[in-house]
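Summary of structural features
Listed below, chain by chain, are the residues.
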Amino acid sequence: MSIREQIADKLIAVGGFWSYDEKSVRQNLSDEQLIEATLEKLDLDEIDLLFQLFPAKKIKEVWQRTMVVQGDYYHSLNRFYAWYYFNIRYPDRYLKAMLTRHLSKLIA
């Protein structure tokens with residue numbers, strides 16, 4: 001079984017895509033959806049597998065685009081990811097700057 005299939009199976013098992021047909025999820029799950037759902041719903045073991053499957057740069061881009069911009073909703077989780085997986089020295093400062101940048105783009 002491939003790493004991608006292992007992660008997808010785990011996501012389906014924890015109800016990550018409860019409102020979708022399982023077969024459809026397996027066939028149509030994009031890389032971005034897999035990364036985002038794994039970061040949101042799974043544990044460190046599966047996230048470590050994600051880093052074996054994709055380059056850290058790609059995972060970080062998805063994380064920034066989907067989770068960091070949600071502000072307080074994922075704040076503690078984002079602090080951990082920033083520090084542990086992306087080696088960001090000052091996670092709180094970084095997250096605030098990224099959120100401010102995102103909000104500025106929305107206003108402009």
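A brief report on the enclosed structure follows. (Residues numbered from 1 in each chain as written. Predicted model: local features only at pLDDT ≥ 70, side-chain atom pairs only at ≥ 80, totals over all residues. Heavy atoms only, no water.)

A word on the environment of Thr100. You can see Thr100 is positioned in helix H7 (residues 91–107). Along the sequence, Thr100 and Val68 sit 32 residues apart, while their C-alpha atoms lie 10 Å from each other. (Helix = DSSP H or I, 4+ residues; strand = E, 2+ residues; numbered from the N terminus.)

Within a pair of aromatic rings, the relevant descriptors are the distance that separates the centres and the angle that separates the planes. The full count for this structure, using the stated rule, is twelve aromatic pairs. When the centroid spacing of 4.7 Å and the interplanar angle of 80° are considered together, the rings of Tyr73 and Tyr74 count as edge-to-face. By relative accessible area, Tyr73 is classed as exposed at 63%. For Tyr74, a relative accessible area of 15% puts it in the buried group. Centre to centre, the rings of Phe80 and Tyr81 are 6.0 Å apart; their planes meet at 55°, and the pair counts as tilted. The positively charged end of Arg93 is found above the aromatic ring belonging to Tyr90, 4.3 Å away from the centroid. (Phe/Tyr/Trp six-rings, centres within 6.5 Å; stacked < 30°, edge-to-face > 60°. Buried < 20%, exposed > 50% of the residue type's maximum accessible area, 1.4 Å probe, protein only. Lys NZ or Arg CZ within 6 Å of the ring centre and 35° of its normal.)

Bringing the nonpolar core into the picture now. Ranked by size, the top nonpolar core spans 28 residues in total, and within it Leu39, Trp63 and Tyr81 carry the most contacts. Those elements that place two or more of their residues in this core are helix H1 (3–13), helix H3 (31–41), helix H4 (44–53), helix H5 (56–66), helix H6 (75–84) and H7. Ranked by residue count, the leading element in this core is H3, at four residues. When residues no more than four places from it in sequence are discounted, the contact partners of Tyr81 are Leu39, Ile47, Trp63, Met67 and Phe86. (Core = buried A, V, L, I, M, F, W, Y, C linked by side-chain atoms within 4.5 Å. Contact = heavy atoms within 4.5 Å.)

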